[in-house]
Amino acid sequence: MKRCLTLILATFIVFGTSYELTAQIKEKVWFDGLARSYFARDAIDQTNTEDTVSAKNASNGYNLLDLNTHVNPIKDIEIFAQLRIRNSFGSFFGSGTEINVRQLRAKGTINDKVRFSIGDLFLKQSRFTLYNYDEELSAYEHDMLKPYRDILHYENFYTENRWRLQGIQTDFSFKFDRFIRTLAFDFFVTRPRGSSAISGNTYSSDLLLSGGTMVSEINKRLTLSANYVNLFEVASSGTENISVRNPVYDLALLHHFGNDKHHFTQKLETGFSQRYWQHSELANEIPDSISNQNEGMFFELENKYSKNDSTLSVSIGYRYVDPNFRSAGAQTRRLDYAAGKSNTIYPLYTNMSIQRPRSVFDLVADDKIYNQDLSSNLMVFNPIYSNVLPYGDASPNRAGVYLKARVNQKSKALLGKIDAGFFKEVIGQGTEEKRSFGLVKAAVKLNMHRWFNWSKELSVSASSESEITNRGGDAISSVNLFSHQLNAALSAELAKRFFIQASFKQFHANGNEFLTERDNYGDITYFASTQVNQKDHMLSVGMLYKLRENVYANLQYNWWGMTFTDQAYSDYKYNRLLFILSVEL
Amino acid sequence: MKRKTKLILLVGLVGFFYTCTKEDFEGPSINNLYGNFEIIEPLTLTNDNPNFESNEQVGFHCKLNKPVEWKITIHGLTTSASREITGFSSQIDSNTVVWNGGPAQVPFFSEEFCSVELSFENEIDTLRDTINIASAKTYEDGIWFEDFEDGLPTEGLVYYNTDGGGMTFSVANDGALLGNSYFKMGGRVNWDWVLGSLDLPLNITNVSQAPDDLFINIGLLSDLDDLHTGQFINILISEETNTPFNDNLDNNASDLFESTMEVYKMKIPVDWNGWQLKSFRYSDFEPRDPNNPDIVFDMNPNNIRAIRIACQACPSSSGNPVCPENFGKDVRTDIDHIIFTANAALLDQ
């Protein structure tokens, strides 16, 4: 045990990083932020005999400090700037040092009544209007991979399912003593993309996202909320005379009641979207027109029961999302498989130097493959990893029922959760036959130390996620795809705050599907038939030293790879040594 | 009552969902994309004895069970002229898939029998038919046209390096691209790039096309016998409007191509055997003197006043061995049938 602690101490010294910064709070200027040391050494597994061209191993790492400066020039105003200093390992005297401003924001309150923010905003509305859904296969992961996920989310500004946007936001609320209890408003205007040069003389238009939310607590049991969001291009800001418009309207009614032991919530949410392209400022005085217009609606009814002591909650619901429902703010994916981003770790493999197919490990460990930009079209997804709800709850062309349940023992010795859903397409794709989807996710965590009243933590967890897609009909258009992810993990606290961890992740997909290809206006142009039979694996062992919450050092070793059966790809295996020291100031 | 209201609302809501989407399915039919290929309706021609001189066309019709890459090949049995029309669709529509008698490249079709083949990518089926051309297409319908059939235009100016050897800057009558005459440009100047040029005045002030829609077409002849690998044609077009075409009577060249004038250029390497018809958009021409701040390069076809076709080649001599492999070789860049067309290249009309 002592040897382990000595090893960690030695590692700190090797990387020569000292973290003596502490959050400093003063009356007008105060600081917080995050510091991170990261080192990874990747190596080809010795069993990879088909790749003698790539480097046997490669290492990289960096130190970075994100220093958040909060300036309060007056009581109701705060200026926030996040300054990043990043130094890659192996660079000296500033040659590999980057300094840039990562976030800037001013926020404040006018007359203690109206709040406002200008600059970098983190925005979220309903799950159908503006919502940054979690990336696939991330919901039931063990804490051992949390350092990877922390980096992925932090680097891509994924916070509480919000989209990071730049613009202006304001909110204010009223309280009433009759008719209704409260009325709150929130409005924003942002610019997800500025005008940029497409070629020598042509420029794309500014892309703006504006919206508003109104929430009213009508009485103690009834809450009404309405959301509106619109993604649109300003044609005059570019040279293109075609610009997209995508307004989405959402209305929700929440009814809740209960007693001192039980609580019931009923939610009815519905809305609709429009999307079209506007042709304006045309030559020869041709009047403005619109094209590629479609409209779609959604509807969700959810009933939730929960015990007030948080030991049990069950939700059952029905959801219908029209095939033509389009909501850029809710349907933009974190992972875009058509964006042309190659894997950061060993992007090419085999002696033919072909592009390495993305694996579960890449989804966990590679923060560079993720997306931060809203898209007005449905992005390409990989049906292997998410075929049932590729665009979250806002996935178009789905109708079905779902169930969510959470069980916790009062002692927290046993935690369990289940998510299940059974959906069907509203209309078929490429055939009149409709796909049927099944989704079952279950996770259980046993906190043995609570069971046996041990002072040191010992926990075992396991989870299983399965997706099945079926479509009947003739042999040409039929679909049968099954995917399954298994997670198992163990965490044992050997000394105070010092943990030994092990986890195993396996993903298996088998069957056939049709990959949908769309044109610039989102219309389906082709279905590419694909057959899959692959198995991903990721085995990790490591140690974690938690100095305090959000301050930890993690050292782990990963064995990962993919095997293919009856497919054109070659199998591969790689290993990784990872060290992360993360300090939230 | 309350229960009844709820029930009505629910039924109304369910009805609303199922009226939102009217289509049978999204996207193209998978059975069409991946099913077996079938010809639903055979190949038919709208006109198998066309008179192209009278602007008649041949339309092609065929119906398939799924979209495929298809190719129609028309082959002249006498001239060996050929034309290919390709597409990706499940129906070949005779209103849009038409042939107006032109080849993809010279030689041109004449009054002859032509074979027609319709083939499909990755499929063994080939459909065949024949066309008997009653009257061949003519190629004189343009904004401006010069075919040298009446000799050198009276206002045309020919300059060539008189110190060179075997200079052929004159009208010839042996094997023209179209008609009987063409303009020979060639010879040998081992120490300099310039062999000579032909300047012709132009007046197309009534043209309404934008530079994108104005095409310059020219027939070019070379041969591969002892080919001069560094030979090329430079086409210059002048938009100088204030100077007379032939201001200086002593220099055997137009005075509209000075370095202070709005002149555009196109360089064409000539490295093939026989005649080829080349077509260029006027907008693809580049300013010849882009660094001259006094010239406004606003490219307006109305202002075109002259065209220069200059023959040049990489020189080679004992004192200037830039292209030693071409030492002692004759340059040949003969021209014929210079025609300006609107909206499409000559062979696409």
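Calculation rules
- For every chain, the first residue of the written sequence is number 1, and numbering continues from 1 along that sequence.
- Both sets of labels track the order of writing: A upward for chains, 1 upward for ligands.
- Only residues with pLDDT of at least 70 are given local features in this predicted model, and only at 80 or more are side-chain atom pairs given and counted; all residues enter the totals for whole chains, interfaces and linings.
- By the criteria applied, helices consist of DSSP H or I runs no shorter than four residues and strands consist of E runs no shorter than two, each listed in order from the N terminus.
- We compute the radius of gyration over the C-alpha atoms and compare it with the globule rule, which gives 2.2 Å times the number of residues raised to the power 0.38.
- Here a residue counts as buried when 20 or more other C-beta atoms sit within 10 Å of its C-beta, as exposed when there are 12 or fewer, and as partly exposed otherwise, the C-beta atoms being derived from the backbone.
- Here the contact rule is simple: place C-beta atoms from the backbone, and any two residues whose C-beta atoms are within 7 Å are in contact.
- Basically, the charged four are Asp, Glu, Lys and Arg, the nonpolar ten are Ala, Val, Leu, Ile, Met, Phe, Trp, Tyr, Cys and Pro, and anything else, Gly included, counts as polar.
- Here, a strand pair is defined by DSSP locating no fewer than two bridges between the strands.
- Residue ranges assigned to each domain were obtained from an automatic or database domain assignment.
- To count as a nonpolar core, a set of buried Ala, Val, Leu, Ile, Met, Phe, Trp, Tyr and Cys residues must be joined through C-beta atoms within 7 Å.
- The directions considered for the arc are those from the helix axis to the C-beta atoms.
- Confidence scores per residue from the predictor, reported as pLDDT, run from 0 to 100.

Some points on the overall build of chain A
Right, so step 1: From N to C terminus, chain A includes 5 helices and 25 strands.
Right, so step 2: By the compact-globule yardstick of 25 Å for 585 residues, chain A fits well, its C-alpha radius of gyration being 26 Å.
Right, so step 3: Taken across its 585 residues, chain A has 30% of its residues classed as buried.
Right, so step 4: Across chain A, contacts joining residues at least 24 apart in sequence account for 61% of those joining residues at least 6 apart.

So, the overall build of chain B
Right, so step 1: In terms of regular secondary structure, chain B is built from 2 helices and 21 strands.
Right, so step 2: On C-alpha atoms alone, chain B measures out to a radius of gyration of 28 Å, which is more than a quarter above the 20 Å that the 2.2 N^0.38 rule sets for 349 residues.
Right, so step 3: Oriented by its inertia axes, the alpha-carbon framework of chain B measures out at about 105 × 55 × 40 Å.
Right, so step 4: Within chain B, the proportion of its 349 residues that are buried is 32%.

Digging into the interface of chain A and chain B
Interface extent is often summarised as the accessible area lost during association of the parts.
Right, so step 1: Each partner contributes to the interface: chain A provides 22 residues, whereas chain B provides 16 residues.
Right, so step 2: Of all the elements in the fold, those that place two or more residues in the side of chain A that touches chain B are β12 (289-307), β18 (428-429) and β23 (524-548) of chain A.
Right, so step 3: The leading source of residues in the side of chain A that touches chain B is β23 of chain A, at 4 residues.
Right, so step 4: Counted by class, the side of chain A that touches chain B contains 11 nonpolar, 8 polar and 3 charged residues.
Right, so step 5: The sheet contact formed by β18 of chain A and strand β1 (residues 25-26) of chain B spans 2 bridges and is parallel. If you follow Gly428 of chain A over to β1 of chain B, its bridge partner there is Phe25 of chain B.

Brief notes about the pairing of strand β4 (residues 82-92) of chain B
Right, so step 1: Relative to β4 of chain B, strand β3 (residues 58-76) of chain B runs antiparallel, the two being bridged by 10 bridges. Paired with Cys62 of chain B across the strands is Ile92 of chain B, a residue of β4 of chain B.

Brief notes about the domain arrangement of chain B
Residues and elements named next belong to chain B.
Right, so step 1: According to the domain assignment, chain B contains domain 1 (35-132) and domain 2 (144-348).
Right, so step 2: On a C-alpha basis, the centroid separation for the pair domain 1 and domain 2 is 36 Å.
Right, so step 3: Counting residues at the interface gives 6 residues for domain 1, matched by 6 residues for domain 2.
Right, so step 4: Looking at the side of domain 1 that touches domain 2, its residues break down into 4 nonpolar, 2 polar and no charged.

Concerning the sheet that holds strand β19 (residues 306-313) of chain B
Right, so step 1: The 6 strands lie next to each other as β9-β13-β19-β15-β16-β18 (chain B), forming an open sheet whose pairing is antiparallel. Edge strands, defined here as strands with exactly one partner in the open sheet, are β9 (157-160) and β18 (286-287) of chain B.

Thoughts on the environment of Gly511 of chain A
Right, so step 1: Mapped onto the elements, Gly511 of chain A comes out in strand β22 (residues 498-518).
Right, so step 2: With near-sequence residues (within four places) excluded, Gly511 of chain A lies in contact with Asn480, Leu481, Phe482 and Val532 of chain A.

Comments concerning the nonpolar core
Right, so step 1: With 65 residues, the main nonpolar core has Ile235, Ile237, Ile309 and Ile335 of chain B as its most contacted residues.
Right, so step 2: Broken down by element, the residue count for this core peaks at 7 residues, all from β3 of chain B.
Right, so step 3: Lining this core are residues from two domains, each supplying at least three of them: domain 1 (35-132) and domain 2 (144-348) of chain B.
Right, so step 4: Filtering out sequence-adjacent residues up to four positions away, Ile237 of chain B remains in contact with Val263, Tyr264, Phe285, Ile304 and Ile307 of chain B.
Right, so step 5: Counting 30 residues, the second-largest nonpolar core is a separate cluster that includes Leu121, Leu165, Leu231 and Phe299 of chain A.

Remarks on helix α2 (residues 146-155) of chain A
Residues and elements named next belong to chain A.
Right, so step 1: Within the span of α2, buried status applies to Pro147, Tyr148 and Leu152. All buried residues of α2 lie within an arc of 135° about the axis, which places them on one face of the element.
Right, so step 2: Buried positions along α2 lie against α4 (360-365), β24 (551-564) and β25 (572-584).
Right, so step 3: Following α2 by one or two positions, Phe157 has its phi on the positive side, about 60°.

Here's the deal with unusual backbone geometry
Right, so step 1: The omega torsion of the bond from Val106 of chain B to Pro107 of chain B falls at 15°, within 30 degrees of zero and hence cis.
Right, so step 2: For Pro107 of chain B, the position within the fold is in the loop between β5 (98-99) and β6 (113-120).
Right, so step 3: Backbone geometry at Leu137 of chain A places phi at a positive 60°, although glycine is not the residue there.
Right, so step 4: The class for Leu137 of chain A is partly exposed, based on 19 C-beta atoms found within 10 Å.
Right, so step 5: Although it is not a glycine, Phe148 of chain B adopts a positive phi angle of roughly 60°.
Right, so step 6: Structurally, the position occupied by Phe148 of chain B is in the loop between β8 (144-146) and β9.
Right, so step 7: Since 24 C-beta atoms lie within 10 Å of it, Phe148 of chain B is described here as buried.

A look at the pairing of strand β19 (residues 436-447) of chain A
Residues in a regular strand point their side chains to alternate faces of the sheet.
Residue and element names in this part refer to chain A.
Right, so step 1: Bridge count between strand β17 (residues 414-424) and β19: 11 bridges; the pairing is antiparallel. In the sheet register, Asp419 faces β19, and the bridge partner there is Lys441.
Right, so step 2: As judged from the 12 bridges shared by β19 and strand β20 (residues 458-471), these two strands associate in the antiparallel manner. Bridging across to β20, Ala443 finds its partner in Ser463.

A word on the environment of Tyr131 of chain A
Residue and element names in this part refer to chain A.
Right, so step 1: Looking at where Tyr131 falls in the secondary structure, it is placed in the loop between β5 (114-123) and α2.
Right, so step 2: Residue classification places Tyr131 among the buried residues on the basis of 22 C-beta atoms within 10 Å.
Right, so step 3: Expressed as a C-alpha distance, the spacing of Tyr131 and Gly392, which sit 261 residues apart in the sequence, is 9.2 Å.
Right, so step 4: When near neighbours in sequence (up to four residues on either side) are disregarded, Tyr131 contacts Lys124, Gln125, Ser126, Asn161, Gly329, Ala330 and Gly392.

Thoughts on the confidence of the model for chain A
Right, so step 1: For chain A, the mean per-residue pLDDT works out to 90, and 94% of the residues sit at or above 70.
Right, so step 2: Between residues 1-26 of chain A, whose pLDDT stays under 50, and residues either more than four places distant or in other chains, the model counts 26 contacts.

What about the confidence of the model for chain B?
Residues and elements named next belong to chain B.
Right, so step 1: Scored by pLDDT, chain B comes out at a mean of 88, with 93% of its residues at no less than 70.
Right, so step 2: Per-residue pLDDT, averaged within each element of chain B, yields its smallest value for helix α1 (residues 2-20) (56) and its largest for β6 (96).
Right, so step 3: With a pTM of 0.72, the predicted complex shows an ipTM of 0.81.

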